[in-house]
There are 2 protein chains.
Amino acid sequence: MARTAAPGTRERIITAAAPLFYRYGVRAVGMAQVIEAAGCGKNLLYGHFPGKSDLVAAYLTVVRAERDRSIGAALAATDGPRAALVAVVAEIAERVREPAFRGCAMRIYLTEFPAIDDEPGRIARDYLTSTRGQIGDLVRALDGDTVLADQIWLIIEGLYASANRPDTDQSAMAAVTLARSLLAAP
Amino acid sequence: MARTAAPGTRERIITAAAPLFYRYGVRAVGMAQVIEAAGCGKNLLYGHFPGKSDLVAAYLTVVRAERDRSIGAALAATDGPRAALVAVVAEIAERVREPAFRGCAMRIYLTEFPAIDDEPGRIARDYLTSTRGQIGDLVRALDGDTVLADQIWLIIEGLYASANRPDTDQSAMAAVTLARSLLAAP
DNA sequence: GTCTATAATGGGATAGAC
DNA sequence: GTCTATCCCATTATAGAC
């Protein structure tokens, strides 16, 4: 009897690979390491992902889905673009303070592979432009000028960069304080 | 007759390696590539640098010296801690706008090798704590609170992270504007 | 002696075969 | 799942050119 394909294998592999890629970097993690963590055979993995690049792309796609969900939840709990912008910064600030947080996975990937234009890179860049667009939309919705959007974006970039630094907590607080003061109603 | 050792070989190798490491990342650049760029033989390089890690450490040491010089020059041209803080942000903002600029070499290295505690990593971390200390000193000199220092530092982190993004110029302007407004005399 | 050029070594990686 | 082909890389050893 032929065994039926186990469902959720793809997700299981991605779930095993994601924390490794995130923590140690994509380049530092080999396929053998992923296979061991997933507890599967080589054929199974290469059946689902023809190459490492495909697995990395899937990893970043999952990251993006999680991010969209978290940001969406933060936005849904707010009332109006002003509160929404504060909520976005606050959500990132909270995440940055988590001990395992090492920065934005997309940005880390782009730093790791600056000169390569592949599928994961496209996913990462798309995510950045999309997120930046959301900030711009929110600022426009509150009749703010483009400089305000650039400033909020700068705070977000700084926040991500401050992850895993000695003074992450202070940076996170400073970011929220700064965003609040920029967004204080005139 | 024995040939005398060529002077400046060490510097020549570092000068050849630095732009490669910076542009493509330390991991992506092989020793063969460095050797080709330096136009020397393998033995000569390994005579001056026992391993790749030593070469990378030398590269980051040069980067640090250049940074200290640039920041020092920017500070020397200013009058008082308030102007100095603006000058520091402005100097980075100018650098970020250069086409070849890809971010802070130290931060890039730490992102590339997050889980390794080696000599280059120590150099990079030392640089960050030292630079952060300078900001703190300047803020204290103008009787600012620690939150102000955290905010300036956040701006600097965001500025570096904004390098090689589609909207680098706007980020750079936003950073200077933001720093100026934070440092406007009360 | 100082250097270049080139092979050789050993480790680890992706990926395919079975 | 194991085994293997192939490649890349850091490093060392060797041979020869000036």
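Residues numbered from 1 in each chain as written. Chains lettered and ligands numbered in written order. Predicted model: local features only at pLDDT ≥ 70, side-chain atom pairs only at ≥ 80, totals over all residues. Heavy atoms only, no water.

## Considerations on the overall build of chain A
Worth spelling out the cut-off: Helix and strand definitions follow DSSP, with helices as H or I runs of at least four residues and strands as E runs of at least two, each counted in order from the N terminus. Relative accessibility decides the category of a residue: with a 1.4 Å probe and only protein chains considered, values under 20% of the type maximum give buried, values over 50% give exposed, and everything between is partly exposed. Note on contacts: a residue pair qualifies if any of its non-hydrogen atoms lie within 4.5 Å across the two residues. Accessibility throughout is a Shrake-Rupley quantity obtained with a 1.4 Å probe, and a residue counts as covered only by protein chains that appear here.
Assigned secondary structure in chain A consists of nine helices and zero strands. Helices (α) and strands (β) of chain A occur, in sequence order from the N terminus, as α-α-α-α-α-α-α-α-α. For the C-alpha atoms alone, the extent of chain A along its principal axes is close to 70 × 35 × 30 Å. With 186 residues in all, chain A has 51% of them scored as buried. Of the contacts made within chain A by residues no fewer than 6 positions apart, 67% connect residues no fewer than 24 positions apart. Just so you have it, chain A exposes about 9000 Å², and 55% of that area is on carbon and sulfur atoms.

## Regarding the interface of chain B and chain A
Keep this limit in mind: Accessible area, probed at 1.4 Å, shrinks when two parts are joined; the buried area is that loss added up over both. One side-chain nitrogen of Lys or Arg within 4 Å of one carboxyl oxygen of Asp or Glu is enough to make a salt bridge. Pairs of N or O atoms within 3.5 Å make up the polar contacts considered here, provided that, within protein, one atom can donate a hydrogen while the other can accept it, and that residues adjacent in sequence are counted only when both atoms are side-chain atoms.
At the junction of the two partners, chain B supplies 32 residues and chain A supplies 32 residues. Buried surface at the junction of chain B and chain A, summed over both partners, amounts to about 2700 Å²; 66% is from carbon and sulfur atoms. Across the contact surface, chain B and chain A share four salt bridges. Across the pair Arg132(B) and Asp167(A) runs a salt bridge, and its minimum N-O distance is 3.3 Å. Scanning the region where chain B abuts chain A turns up four residue pairs in polar contact (both at pLDDT 80 or more).

## A word on the pattern of salt bridges
Tallied over the entire structure, the rule returns 20 salt bridges over all chains. Asp169(A) is paired through a salt bridge with Arg97(A); the nearest N and O atoms lie 3.5 Å apart. Here Asp169(A) is found in helix H9 (residues 168-182), whereas its partner Arg97(A) is found in the loop between helix H5 (81-96) and helix H6 (105-112), with 72 residues between them in sequence. Judged by relative accessible area, which is 36%, Asp169(A) ranks as partly exposed. Between Glu157(A) and Arg165(B) there is a salt bridge, with the nearest N and O atoms lying 2.5 Å from each other. Taken as a pair, Glu157(A) in helix H8 (residues 146-161) and Arg165(B) in the loop between helix H8 (146-161) and helix H9 (168-183) lie in two separate chains rather than in one. Within the structure, one salt-bridge network assembled from shared partners comprises Arg107(A), Glu157(A) and Arg165(B).

## Comments concerning the protein's contact with DNA strand D
Heads up, the condition is: Any residue with a non-hydrogen atom lying within 4 Å of a molecule or strand is treated as near it. Each residue is assigned to one of three groups, with Ala, Val, Leu, Ile, Met, Phe, Trp, Tyr, Cys and Pro labelled nonpolar, Asp, Glu, Lys and Arg labelled charged, and all others, Gly among them, labelled polar.
Looking at DNA strand D, the residues that line it are Lys42(A), Asn43(A), Val29(B), Gly30(B), Met31(B), Lys42(B), Asn43(B), Tyr46(B), Gly51(B) and Lys52(B). Here, DNA strand D places atoms within 4 Å of the protein, and 39% of those atoms are sugar or phosphate. Within the backbone of Met31(B), one N or O atom sits 2.8 Å away from a phosphate oxygen of DNA strand D. The separation between a phosphate oxygen of DNA strand D and a polar side-chain atom of Tyr46(B) is 3.3 Å. For the surface near DNA strand D, the element with the highest residue contribution is helix H3 (residues 42-48) of chain B, accounting for three residues. Along the lines of polarity and charge, the residues of the surface near DNA strand D split into three nonpolar, four polar and three charged.

## Focus: the state of the cysteines
Where we set the bar: Any pair of cysteine sulfurs within 2.5 Å is marked as a disulfide.
Scanning all chains against the criterion turns up zero disulfides over all chains. Lacking any disulfide linkage, Cys104(B) is separated from the closest cysteine sulfur, that of Cys104(A), by 18 Å. Cys104(B) gets classed as buried once you look at its relative accessible area, which sits at 5%.

## Points about the packing of aromatic side chains
Each pair of aromatic rings is reported with the distance of its centres and the angle of its planes. All names here are of chain A. Applied cut-off: Side-chain rings of Phe, Tyr and Trp (the six-membered ring for Trp) are treated as a pair once their centres are within 6.5 Å; stacked means planes under 30 degrees apart, edge-to-face means over 60, and tilted covers the remaining angles. By definition, being over a ring means that NZ of Lys or CZ of Arg is both within 6 Å of the ring centre and within 35 degrees of the ring normal.
Counted by the stated rule, this structure contains eight aromatic pairs over all chains. Seen from their ring centres, phenylalanine 21 and tyrosine 59 are 5.5 Å apart, and the 50° between their planes marks the pair as tilted. Taken together, the residues phenylalanine 21 in helix H1 (residues 9-24) and tyrosine 59 in helix H4 (residues 52-76) connect sequence positions 38 residues apart. The buried category is assigned to tyrosine 59, whose relative accessible area is 5%. Aromatic ring contacts, followed pair by pair, group Tyr22, Phe101 and Tyr160 into a single cluster. Directly above the aromatic system of tyrosine 22 lies the positively charged group of arginine 102, at a separation of 5.9 Å from the ring centroid.

## Things to note about the domain arrangement of chain A
All names here are of chain A. What counts is decided by this rule: Segmentation of the chain into domains, including their bounds, is taken from an automatic or database domain assignment.
What the domain assignment reports for chain A is domain 1 (1-50) and domain 2 (52-182). Placing the centre of domain 1 and that of domain 2 at their C-alpha centroids yields a distance of 27 Å. The interface is formed by 17 residues belonging to domain 1 together with 16 residues belonging to domain 2. Counting the surface domain 1 buries against domain 2, the share from its top three residues, Tyr22, Val26 and Arg27, is 45%. Here domain 1 is connected to domain 2 by zero salt bridges. The tally of links from domain 1 across to domain 2 stands at seven residue pairs in polar contact (both at pLDDT 80 or more). For the side of domain 1 that touches domain 2, the secondary structure elements donating two or more residues are H1 and helix H2 (31-38). Ranked by residues supplied to the side of domain 1 that touches domain 2, first place goes to H1 with eight residues. A per-class count over the side of domain 1 that touches domain 2 returns 13 nonpolar, one polar and three charged.

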